[in-house]
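# Secondary and tertiary structure notes
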Amino acid sequence: MSDPKDAEILPDDHPIDQAKPVEPEPAPPQVVTRPEALLPTVVVALPLSQRPAFPHMLLPLVIPAGRLADAARHAVEHRGGYVAFFLTRGELGESAAFTPEDLQPVGCIARITKHADGEGGALQVFAQALARFRLERVEARDPLVLVRGEVVRPQVDANDAQVRSCAMAIVTSLKELVQHNPVFADEIRMVLANFNNLDGPSRLADMAASLTTAKREELQQVLEVVPVVERMEKVLTLLAKETQLAQLKSKIQGQIEQKVSEHQRKFFLNEQLKAIKQELGLETDDKTLELNRLREQVEAKGQAISEEARGVIDEELRKLALLDPNSSEYGVTRSRLEWLVGLPWGVVTEDQLDLAKLREGLDADHFGLEDVKDRIVEFVAVRKLRPERRGGIICLVGPPGTGKTSVGASIAKQLGRKFYRFSLGGMRDEAEIKGHRRTYVGALPGKPAQALKRCGSMNPVILLDEIDKLAHGMQGDPAAALLEVLDPEQNKDFLDHYLDIRVDLSQVLFICTANDLGGIPEPLRDRMEIIRLAGYVEQEKVAIARDHLVPKAREAHGLAARDLAFSPGALRSLIRDHAREAGVRHLDQLIAKVCRKVALAKAGGTAGTRARPLGPGDLAPYLGKPLMRDDELLAHPRPGVVTGLAWTSLGGATLEIEAVATAADKGGLTLTGQLGDVMKESASLARSYLMANAAALGLPAGWFDRHLVHLHVPAGATPKDGPSAGITIACALLSLACGRAVRPRLGMTGELTLTGRVYPIGGVREKLVAAKRAGLALVLLPEANRRDHDELPELVRSGIRVEFVSTLAEVLAHAGLVPSVKPGRPGRARARRAS
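None of the values given here were measured: they were computed from a predicted structure.

### Examining the overall build of the protein chain
- Broken down by element type, the protein chain carries 28 helices and 25 strands.
- For the protein chain, the residues scored as buried account for 47% of the 835 residues in total.
- In the protein chain, the share of contacts with a sequence separation of at least 24, taken over all contacts with a separation of at least 6, comes to 74%.
- Working note: accessible area of the protein chain is about 40,500 Å², and carbon and sulfur atoms make up 51% of it.

This is the structure:
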């Protein structure tokens, strides 16, 4: 009964607890009540959950089936139809279950005068509220709630001046409220019409309170107040709030109606003005102007527009002329026409064909990157000999901070072409490449078509950044969509889903960037020319910092050359001690940090008029203590520790392989450091080779059978895998077994086979750069990688000794773990010292 879904007021489908006084039709029979002294003191208690009932209210209710309906039937059959309605202390749930403790202390005694069975066991009743009823105690709880209480009737003198003034104030408030609140207009008018027939001020106050939309707690407070004057004052407060809300609502509604009326008036006047001007030939409408503008743009492009595109444009113009400008299809058609007409049909920029000037410009923008510069010069040379040659597709792969993105902008500038860059990192919707279908809200062409319009030419340089970080989801696979874009045989007829015509991308120079070639799908990788950027050695970093980073940072921080300068020694110290990464991004950040501190001193007036150049010993106040030092193990190695060389997506890196042994009844090998399956196989293979050749290597018989060897590769949180650590692991195990350390500042890389041969590896340039950064003096490389080494720039090869090996015996000899290989023996080491 207390649930809004179950307890309803007839006939408005309101919850039982929202009962309000109504004028029922047809009227129920006249209520015959006993005198106040004869009203029962023990009655059935029924709950109301949203609004309390007031005396003299006629309540048409639907009581839900179950315990509440049974209680109401019991009251009709055995207790003369008398019940007491109490407001609950909180909202009741779906089941409408309640306990006597849930009821407010004051309710209203009523009598059910008419009842009828409803659907599903519900009970429809008319109940006449009679008087206030104060709950004293509970007589029964189950199966129905019986309570004992007393009937409360106030005593009031109707001729009292204060009572009469309050009554007149209530009547005045009701008259004002009926002007603004149409919800209770009929009920308020009924009360005002029968004001003289109301039996006293108490009934007037109760009726007025029941006509408000006050909160349940405020209405319950009115019900609990017995003194009439105090109750009328509370009712006046509620009526004042109700009047204020009604006035505010009327004001807001009036403002809205006024705005709507003004808008409609302006609209009709504008339409009439347009019609008059059109009749006089003074002006055409917006639609006609739009069509004329589009036709003029099409005529201006002339024959440059392809036949397919012209046919589509003409058809769309005819359709646009027939559509209503207010229709959604008009906006879609107009947007497509804007894109079709806005494409730079037949517009191309003229390439810079002076090869010497082109190379000079590339060298001025970037230090190093010779492979990239050579490829661009070759591209222009071919264009010079064959102007109709199509664009190219180049992929720059290298660690972060090596200039992949900036070199793309430099290439466009030096070629004289427009430049457009967009990142593919995290892209998971193929519509970003091939365009959305026009049925979607906010549909747009794909990025290639957007780039052509933005650049205003059909031969821009488009940089596809982070192509190795593409994602795929429910919206399709962008990598698959790029196959058509980056295929020279297909991109001349690239089909954009939004434009629904074929666009020629064959003149575009595509430059892609990636950190890890393995993140690019094989079909996509096959369509690109791969150029690797291995990272910078110290000499390159010094030159880049001196010629590019320092001047740029000084200008960005408002400093002049006399305010800040780095000596060559300071730059070398900065690189060695703070920025050993493959790129120069962190180096740029450190230089900016120094500039900020110098700018602070200059702005604060603490800097001198001319600062001397920073030396190696001056960096600590700006950057703190050096973050990187030469590892003590490189200069003073210990048994069981050998330095290997590894390749990562961030460039080359040195890898310390450590091994310790403990005596045990049964030998074994424990591997830690998040090693992959291939690396674990390399460790097992190295151990098996050493066990099989223990006598030839001078190891004690059965040493591996009596020791438990633990091999660890720091850092433990970084996953590692690959076969190139095979010879390094073998040297570490042999060094541990024989108790001799390898020679100082030695690094090595190579795959080991079970028969002791050394197979080639990849990433030679990256690994040599890492070895130079770490300060290694000797590096062992597989003999099969000699050609890769010889092709490296002199800057990378110089300053470090490289020995080429083909067997593990040669590796161990160079490491100082076994006697040197005899000169006449096959497979002897071939040394190469770079100048």
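### Focus on the pattern of salt bridges
- Per the counting criterion, the structure on display carries 38 salt bridges.
- Between Asp 465 and Arg 421 there is a salt bridge, and its shortest N-O distance comes to 3.1 Å. On the criterion of sequence distance, the pair formed by Asp 465 in strand E11 (residues 461-465) and Arg 421 in strand E10 (residues 419-423) is long-range, its members being 44 residues apart.
- Of the charged contacts, one joins Glu 484 and Lys 434 as a salt bridge, the two residues approaching to 2.9 Å between their closest N and O atoms. Taken as a pair, Glu 484 in helix H15 (residues 478-485) and Lys 434 in helix H13 (residues 431-434) lie far apart in primary sequence, 50 residues in all. Exposure class is identical for Glu 484 and Lys 434. Each is buried.
- Each of the salt bridges in this network shares a partner with another, and the network as a whole consists of Arg 359, Asp 363, Glu 370, Lys 373 and Asp 374.

### Description of the packing of helix H24 (residues 726-738) against helix H28 (residues 808-815)
- It is at 10 Å that the axes of H24 and H28 come closest, and there the two elements cross at 55 degrees. Compared by their axis directions, H24 and H28 come out oblique. Of the two possible hands of crossing, H24 and H28 adopt the one that is right-handed. Only Leu 808, Val 811 and Leu 812 of H28 make contact with H24, whose side of the interface consists of Ile 727, Ala 730, Cys 731 and Leu 734.
- The residue makeup of the contact of H24 with H28, split by class, is 7 nonpolar, no polar and no charged.

### Some remarks on the packing of helix H10 (residues 355-365) against helix H11 (residues 370-385)
- Remark: H10 packs on H11, axes separated minimally by 10 Å, with the N-to-C direction vectors making an angle of 155 degrees. As judged from the angle between their axes, H10 and H11 are roughly antiparallel. In this structure, H10 crosses over H11, and the sense of that crossing is right-handed. The segment H10 lies against H11, with Leu 355, Leu 358, Arg 359, Leu 362 and Asp 363 engaging Glu 370, Lys 373, Asp 374, Ile 376, Val 377, Val 380 and Ala 381.
- Taken together, the residues of the contact of H10 with H11 break down into 7 nonpolar, no polar and 5 charged.

### Topic: the packing of aromatic side chains
- Scanning the model with the defined rule gives 4 aromatic pairs in all.
- Summarising the aromatic geometry, the rings of Phe 267 and Phe 268 are spaced 5.8 Å apart at their centres and angled 65 degrees between planes, so their arrangement reads as edge-to-face.
- Over the ring of Phe 98 we find Arg 67; its NZ or CZ atom is 5.6 Å from the centre of that ring.
- Just above the ring of Trp 339 sits the side chain of Lys 453; from NZ or CZ to the centre is 4.1 Å.

### Regarding the pairing of strand E4 (residues 58-63)
- Burial within E4 is extensive, with 6 of its 6 residues counted as buried.
- Burial of E4 is two-sided: the residues Leu 58, Pro 60 and Val 62 facing one way and the residues Leu 59, Leu 61 and Ile 63 facing the other way are all buried.
- Where E4 and strand E7 (residues 123-140) come together, 6 bridges link them in antiparallel fashion. In the sheet register, Ile 63 faces E7, and the bridge partner there is Leu 123.

### Here we look at the environment of Leu 768
- On the secondary structure map, Leu 768 appears in helix H25 (residues 764-774).
- On the basis of relative accessibility, which here comes to 1%, the residue Leu 768 falls in the buried class.
- Between the C-alpha atoms of Leu 768 and Val 779, which are 11 residues apart in sequence, the distance is 7.9 Å.
- Excluding residues within four positions of it along the chain, Leu 768 makes contact with Val 779, His 789, Leu 792, Val 796 and Val 802.

### Brief notes about unusual backbone geometry
- The residue after Asp 142, namely Pro 143, is reached through a cis peptide bond having omega 5 degrees.
- Non-glycine residue His 56 carries a positive phi angle of around 75 degrees.
- Residue placement: His 56 occurs in the loop between strand E3 (42-48) and E4.
- His 56 gets classed as partly exposed once you look at its relative accessible area, which sits at 26%.
- A positive phi is found at Gln 674, a non-glycine position, where the angle reads about 55 degrees.
- As for its placement among the helices and strands, Gln 674 is situated in the loop between strand E18 (668-672) and helix H22 (677-692).

### Section: the sheet that holds strand E9 (residues 393-397)
- Taken together, 5 strands build an open sheet; the order of strands is E10-E11-E14-E9-E15 and the sheet is parallel. Each edge of the sheet is formed by a strand with only one pairing partner; in this case those strands are E10 and strand E15 (529-532). Averaged over neighbouring strand pairs, the angle between their axes works out to 20 degrees when direction is ignored.
- This element, H11, spans E9, strand E14 (509-514) and E15 of the sheet and lies at about 145 degrees to E15.

### With respect to the environment of His 712
- For His 712, the location among the structural elements is in strand E19 (residues 707-712).
- Sequence separation of His 712 and Ile 729 is 17 residues, and the distance between their C-alpha atoms is 9.9 Å.
- For His 712, the residues in contact, after removing those within four places along its chain, are Glu 656, Ile 657, Glu 658, Thr 672 and Gly 673.
- Looking at His 712, its side chain comes within polar contact range of the side chain of Thr 672, at 2.7 Å.

### Concerning a nonpolar patch on the surface
- Among the surface-exposed residues, Leu 248, Ile 252, Ile 256 and Val 260 lie close enough to one another that they form a single nonpolar patch of about 340 Å² accessible area.
- If you trace the backbone, Ile 256 turns up in helix H6 (residues 228-280).
- For Ile 256, a relative accessible area of 49% translates into the label partly exposed.

### A word on the confidence of the model for the protein chain
- Looking at the protein chain, the pLDDT average stands at 82 and 88% of residues meet or exceed 70.
- The model gives residues 2-35 a pLDDT under 50, and that stretch makes 81 contacts with residues more than four places away or in other chains.
- Within the model, pLDDT remains below 50 along residues 822-835, and this stretch shows 30 contacts once partners closer than five positions in the same chain are excluded.

### So, H11
- Taking 1.5 Å of rise per residue, 16 residues should cover 22 Å, and H11 covers 23 Å from first to last C-alpha, within 8% of that figure.
- Taken residue by residue, H11 has Val 372, Lys 373, Arg 375, Ile 376, Val 377, Phe 379, Val 380 and Arg 383 as its buried positions.
- Contacts made by the buried residues of H11 are with H10, E9, helix H12 (404-415), E14 and E15.

### Quick notes on the side chain of Asp 468
- Mapping Asp 468 onto the fold places it in the loop between E11 and H15.
- Within polar-contact distance, the side chain of Asp 468 engages the side chain of Lys 469 at 3.3 Å.
- Within polar-contact distance, the side chain of Asp 468 engages the backbone nitrogen of Asp 516 at 3.1 Å.
- Discounting chain neighbours no more than four positions away, the residues touching Asp 468 are Thr 513, Ala 514, Asn 515, Asp 516, Gly 519 and Ile 520.

Calculation rules
Residues numbered from 1 in each chain as written. Predicted model: local features only at pLDDT ≥ 70, side-chain atom pairs only at ≥ 80, totals over all residues. Heavy atoms only, no water. Helix = DSSP H or I, 4+ residues; strand = E, 2+ residues; numbered from the N terminus. Buried < 20%, exposed > 50% of the residue type's maximum accessible area, 1.4 Å probe, protein only. Contact = heavy atoms within 4.5 Å. Areas by Shrake-Rupley, 256 points an atom, 1.4 Å probe, with all protein chains shown as cover. Salt bridge = Lys/Arg side-chain N within 4 Å of Asp/Glu carboxyl O. Axes fitted to C-alpha atoms, helices over the stretch in contact; angles between N-to-C directions. Parallel < 35°, antiparallel > 145°, perpendicular 65-115°, else oblique. Left-handed = near helix turned anticlockwise from the far one by under 90°. Nonpolar A, V, L, I, M, F, W, Y, C, P; charged D, E, K, R; others polar. Phe/Tyr/Trp six-rings, centres within 6.5 Å; stacked < 30°, edge-to-face > 60°. Lys NZ or Arg CZ within 6 Å of the ring centre and 35° of its normal. Pairing = 2+ DSSP bridges. Polar contact = N/O pair within 3.5 Å; in protein donor to acceptor, adjacent residues only side chain to side chain. Patch = residues over 30% accessible without salt bridge, like charges linked within 9 Å, V, L, I, M, F, W, Y side chains within 5 Å. pLDDT = per-residue confidence, 0-100. Expected span 1.5 Å × (residues − 1).

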